[in-house]
Amino acid sequence: MKFVLEGAGIFLYPLLLCSFVAFYIIAERLVALRESKVVPRQIAGALLSGKISEHEGDLSTTVGRILFFNRNSNPDPEALKAFAQLEITRLERGMFALDIVVSAAPLLGLLGTVAGLVTVFATGESTPSPESISRGVALALSTTILGLCIAIPAIVGNSYLNRRIDKLCARINICVERLIDIKKEASR
């Protein structure tokens, strides 16, 4: 592994940045997207049963903030859905940066590959020395390896987190629809 890191040259720094960003976003989103922080079972159960009053002050969860907004603003159904959509966008925070890493890491690896090959063939010598060939090939292969080693786990994490967000969004939308039904029943 030391050979790969040493062979990556200047491309090591942006690749390390990509690696750090991917790791940070995946770890942070795994913590933030826990069910207990978005749609706790107690609040979902209370909404289904129609007994939401004891859960309306919970600002530490996504559905709790929606209930708080509902209680304090008494919004119409469209405003409540708009607020819920705003809360859903909070679930997607940082995912754009992970998308960038998924795209940028292999491209940085490819750029390193091209740069390595250019250093081999653009030496100005009629026949490149074995030293310049090995340095150029090391740069080419090292950056490709690092780019792929960063992109593959980032793709897996990105796919898992996007699926998790979709699932939580569906649960939030069900809770909002149930809240709208409860408000309609109470106004009759």
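Everything numeric in this text was worked out from a predicted model, so none of it was measured.

Asker: Help me understand the nonpolar core, please; the structure alone is not making it clear to me.
Answerer: One finds Leu 47, Val 63, Ile 66, Leu 98 and Ile 172 to be the most contacted residues of the largest nonpolar core, which totals 44 residues. The leading source of residues in this core is helix H8 (residues 130–187), at 15 residues. Residues within four places of Leu 47 in sequence aside, it is in contact with Ile 52, Val 63, Leu 67, Cys 175, Arg 178, Leu 179 and Ile 182.

Asker: Which parts of the structure should I look at to understand the packing of aromatic side chains?
Answerer: All chains considered together, the criterion is met by two aromatic pairs. For the pair Phe 20 and Tyr 24, a centre-to-centre distance of 6.3 Å together with 20° between the ring planes defines the contact as stacked. With a gap of four residues between them, Phe 20 and Tyr 24 both fall in helix H2 (residues 12–32), about one helical turn apart. Considered together, Phe 20 and Tyr 24 belong to a single accessibility category, that of exposed residues. On the basis of an interplanar angle of 10° and a centroid distance of 4.1 Å, the ring pair of Phe 69 and Phe 83 is categorised as stacked. Of this pair, Phe 69 sits in helix H5 (residues 62–73) while Phe 83 is found in helix H6 (residues 77–91), placing the two residues 14 residues apart along the sequence.

Asker: How should I be thinking about the pattern of salt bridges in this particular structure?
Answerer: Two side chains of opposite charge can pair, provided their charged atoms sit close to one another. Considering all chains together, one arrives at eight salt bridges under this definition. Among the salt bridges present, the one from Glu 35 reaches Arg 41, with a minimum N-O distance of 3.1 Å. Residue classification places Arg 41 among the exposed residues on the basis of a relative accessible area of 62%. Among the ionic pairs, Glu 185 bridges to Arg 178, the shortest N-O distance being 3.7 Å. Judged by its relative accessible area of 47%, Glu 185 falls in the partly exposed class.

The rules behind each value
Residues numbered from 1 in each chain as written. Predicted model: local features only at pLDDT ≥ 70, side-chain atom pairs only at ≥ 80, totals over all residues. Heavy atoms only, no water. Core = buried A, V, L, I, M, F, W, Y, C linked by side-chain atoms within 4.5 Å. Buried < 20%, exposed > 50% of the residue type's maximum accessible area, 1.4 Å probe, protein only. Helix = DSSP H or I, 4+ residues; strand = E, 2+ residues; numbered from the N terminus. Contact = heavy atoms within 4.5 Å. Phe/Tyr/Trp six-rings, centres within 6.5 Å; stacked < 30°, edge-to-face > 60°. Salt bridge = Lys/Arg side-chain N within 4 Å of Asp/Glu carboxyl O.

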